[in-house]
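The primary structure of each chain is shown beneath.
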Amino acid sequence: MGFIKTEIRSESDLKSKPIVENADGDYDDSTTTTTTTTTTTTIINDNDDEKFDWHNQELKWKNILLLGIWHLATIGFYCYACVNDFKIQTIYFAVAIGMMSGIGTSAGSHRLWSHRSYRARWPLKLWLLMFQAITMNGSALSYARDHRTHHKYSDTAGDPKNPTRGLFYSHIGWWLLKKTDAVIDGGRQLDFSDLYRERLVYLQHKYYLPIFIIFGVLIPWSIPVFGWNEDPWMSFGLVVVLRITIVLHHLFTVNSLAHYFGYRPYDFRIRPADHRFVNYISFGEGIHNYHHVFPYDYRINERSQWELFNPPGMFIQLNRLIGLAYDLKVASPSVIAGVVRRRGVQPIRDQKRSLTFRIGNALFDWTVGILVGAWAAYPLIAFKLLTGRTIG
Ligand SMILES: [Zn+2]
Ligand SMILES: [Zn+2]
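The structure presented is a predicted model; accordingly, all values stated were derived computationally and were not measured.

Asker: Any chance you could explain the coordination of the zinc ion (ligand 2) here in plain terms?
Answerer: As a benchmark, a tetrahedral metal site with four donors has ideal angles of 109.5 degrees, while an octahedral site with six donors has ideal angles of 90 or 180 degrees. Within the first shell, the zinc ion (ligand 2) binds the protein through His 110 (NE2), His 115 (NE2), His 147 (NE2), His 151 (NE2) and His 291 (NE2), at distances of 2.0 to 2.2 Å. Metal-to-metal, the separation of the zinc ion (ligand 2) and the zinc ion (ligand 1) is 5.9 Å. Separated by 4 residues within a single helix, His 147 and His 151 lie in helix α4 (residues 140-152), roughly one turn from each other. Across the pair, exposure class does not vary: His 147 and His 151 are buried alike.

Rendered as structure tokens:
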């Protein structure tokens, strides 16, 4: 049985739709009138979510093998790092490029190419595309294609990461299955031509594998080996295998945990939620109720960048200062207030606080965010200390 997804741009329909730019380029959800009402009906022929059955799905063996072997290698290299010496610089280096690759995805394939929430000059695009490629999360183009489909059909059969099918499915399971007809049909209704037209994005998509091997494997592996004489296997294990697995799982939480846990102050009828811990673990992408209601807002929350753990937001701000990012889009306070009044929950929305509170909160949030981000190092360090081994 199929389901019918109807999009009607009318006053009543706005109550359940993300706020979009109006014809003047403003972000106003209150101006649509019946005189401009248009209707588009999309029929997606596929299973209801209640009928989703793992056994009836086509497996994607390439991804199953790649992710299976990669996770086994991750466990192996974690044990290898526990019982063998490594240079502390290698850990710092792995964390640094892991963070930059997370920003490449969050600020690049997500906020820039999926949502066009700001514009970037070519040196910044190059930087973002290179670091996005090394996450092993697919090209920026394919990410944006899936992500726009996720937003359009969020939490329905047309959503490639459909969280109603469970935490495992939305986190990593969807990678292991071929796309359903509902997702393919849903994607066909959307326009991705801007992504194919953008030369750098298209080239990264076309040459993704060599780019990934050169910038994601060979160069990061060789820097510790030739830079500070790290054991080649240790460098491969920490800087390539572990770094990629950990960053991937951080990024996957945006599709899984962020659609399960937290508050829904901006629209209580949708699944995506705001949660501090998810925000830490997802590199600042965990204010997800806000994000699904205002997807064009580059900040992904309504506070100033420094107030909440948000490395990609801070990165975009810094690039604005040096002229590489421009036309940053935000939701205006009056629009946010109007939306919360009509479909949100005002008491659980971020309240205005004193400057002292905001500074203290920001210090706490960034400290905890960084500490949570480095969680994978703690068992390793604890094992070394408990067994009398040296670190670095
Ligand atoms: Zn989402
Ligand atoms: Zn998004």
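Asker: What is the right way to read the coordination of the zinc ion (ligand 1) from this model?
Answerer: Protein coordination of the zinc ion (ligand 1) is provided by His 150 (NE2), His 259 (NE2), His 288 (NE2) and His 292 (NE2), with donor distances spanning 2.1 to 2.2 Å. Its 4 donor atoms give the zinc ion (ligand 1) angles of 95 to 158 degrees at the centre, a pattern that matches the irregular case. Here the donor residues for the zinc ion (ligand 1) map to a single chain with the spacing H-x108-H-x28-H-x3-H.

Asker: Please clarify how the nonpolar core should be interpreted in this entry.
Answerer: Grouped together as the largest cluster of nonpolar side chains are 32 residues, with contacts concentrated most on Phe 86, Trp 175, Leu 238 and Ile 244. Those elements giving two or more residues to this core turn out to be α1 (61-83), α2 (88-114), α9 (208-227) and α10 (232-252). If you tally residues by element for this core, the top one is α10, at 9 residues. Dropping the residues within four chain positions of it, Trp 175 is found in contact with Lys 60, Asn 63, Leu 67, Asn 137 and Phe 252. Core analysis: the next-biggest nonpolar cluster, separate from the first, contains 20 residues, Ala 140, Leu 195, Tyr 298 and Ile 316 among them.

Asker: Sorry, what's going on with empty space enclosed by the protein here?
Answerer: In this approach a probe as big as a water molecule rolls over the atoms, and the regions it shows empty are the leftover space. Here the structure, examined in full by the defined rule, presents 1 cavity of 30 Å³ or more. Approximately 40 Å³ is the volume found for the largest cavity. What lines the largest cavity is Met 99, Tyr 280, Phe 283, Phe 309, Gly 369, Ile 370 and Gly 373. Looking at the lining of the largest cavity element by element, the count peaks at 3 residues for helix α15 (residues 355-373).

Asker: Please explain the pattern of salt bridges as it appears in this structure.
Answerer: When the charged atoms of two side chains with opposite charge come close together, those side chains can pair. The tally for this structure, following the rule as stated, stands at 16 salt bridges. Arg 276 serves as the salt-bridge partner of Asp 365, at 3.3 Å between the closest nitrogen and oxygen. Of this pair, Asp 365 sits in helix α15 while Arg 276 is found in helix α11 (residues 276-281), placing the two residues 89 residues apart along the sequence. For Arg 276, a relative accessible area of 31% translates into the label partly exposed. One salt bridge connects Arg 299 with Asp 297, and the closest N-O pair in it is separated by 2.7 Å. Of the two residues, Arg 299 and Asp 297, both sit in the buried class.

Asker: Explain the state of the cysteines here, please?
Answerer: Defined simply, a disulfide is a covalent bond joining two cysteines at their sulfur atoms. By the definition in use, this model includes 0 disulfides. With no disulfide partner, Cys 79 has as its closest neighbouring cysteine sulfur the one in Cys 82, 6.1 Å distant.

Asker: What is the right way to read the layout of surface pockets from this model?
Answerer: Roughly 860 Å³ of volume is contained in the second largest pocket. The wall of the second largest pocket is formed by 38 residues, among which Asn 63, Asn 137, Gly 138, Ser 142 and Trp 175 lie closest to the centre. Of all the elements in the fold, those that place two or more residues in the lining of the second largest pocket are α1, α2, α4, α9 and α10. Residue classes in the lining of the second largest pocket are distributed as 18 nonpolar, 11 polar and 9 charged.

Asker: Just to check I follow, could you spell out the packing of α9 against α10 for this structure?
Answerer: When two helices pack together, you describe them by how their axes are tilted relative to each other and by the distance separating the axes. Packing of α9 against α10 brings their axes to within 8 Å, and their N-to-C directions diverge by 140 degrees. Accordingly, the angle class assigned to the pair α9 and α10 is oblique. Relative to α10, α9 is oriented so that their crossing is right-handed. Together, Phe 212, Gly 216, Val 217, Pro 220, Trp 221, Pro 224 and Val 225 of α9 and Pro 232, Ser 235, Phe 236, Val 239, Val 240, Arg 243 and Ile 244 of α10 make up the contact between the two elements. Class assignment for the residues of the contact of α9 with α10 results in 11 nonpolar, 2 polar and 1 charged.

Asker: Looking at this structure, I do not really get the packing of aromatic side chains. What am I missing?
Answerer: Under the defined criterion, the tally for this structure stands at 18 aromatic pairs. A centroid spacing of 6.5 Å and a plane angle of 85 degrees characterise the contact between Phe 294 and Tyr 296, whose relative ring orientation is edge-to-face. Comparing Phe 294 with Tyr 296 shows no difference in burial state: the two are buried. Following the ring pairs from residue to residue traces out a cluster consisting of Phe 77, Tyr 80, Trp 233 and Phe 236. Arg 121 extends its terminal NZ or CZ atom over the ring of Tyr 326, reaching a point 4.3 Å from the ring centre. Of note, Lys 161 hangs over the ring of Tyr 143, and the distance from its end group to the ring centre comes to 5.2 Å.

About the thresholds
Residues numbered from 1 in each chain as written. Chains lettered and ligands numbered in written order. Predicted model: local features only at pLDDT ≥ 70, side-chain atom pairs only at ≥ 80, totals over all residues. Heavy atoms only, no water. Donors = N, O, S within 2.8 Å, 3.2 Å for Na, K, Ca; no water. Helix = DSSP H or I, 4+ residues; strand = E, 2+ residues; numbered from the N terminus. Buried < 20%, exposed > 50% of the residue type's maximum accessible area, 1.4 Å probe, protein only. Tetrahedral: all angles 85-135°; square planar, octahedral: opposite > 155°, others 65-115°. Core = buried A, V, L, I, M, F, W, Y, C linked by side-chain atoms within 4.5 Å. Contact = heavy atoms within 4.5 Å. 1 Å grid on protein atoms, 1.4 Å probe; cavity = no way out; pocket = protein on both sides within 12 Å on 5 of 7 lines; lining within 4 Å. Points joined across faces, edges and corners; volume = space filled by probe spheres on them. Salt bridge = Lys/Arg side-chain N within 4 Å of Asp/Glu carboxyl O. Disulfide = S-S within 2.5 Å. Nonpolar A, V, L, I, M, F, W, Y, C, P; charged D, E, K, R; others polar. Axes fitted to C-alpha atoms, helices over the stretch in contact; angles between N-to-C directions. Parallel < 35°, antiparallel > 145°, perpendicular 65-115°, else oblique. Left-handed = near helix turned anticlockwise from the far one by under 90°. Phe/Tyr/Trp six-rings, centres within 6.5 Å; stacked < 30°, edge-to-face > 60°. Lys NZ or Arg CZ within 6 Å of the ring centre and 35° of its normal.

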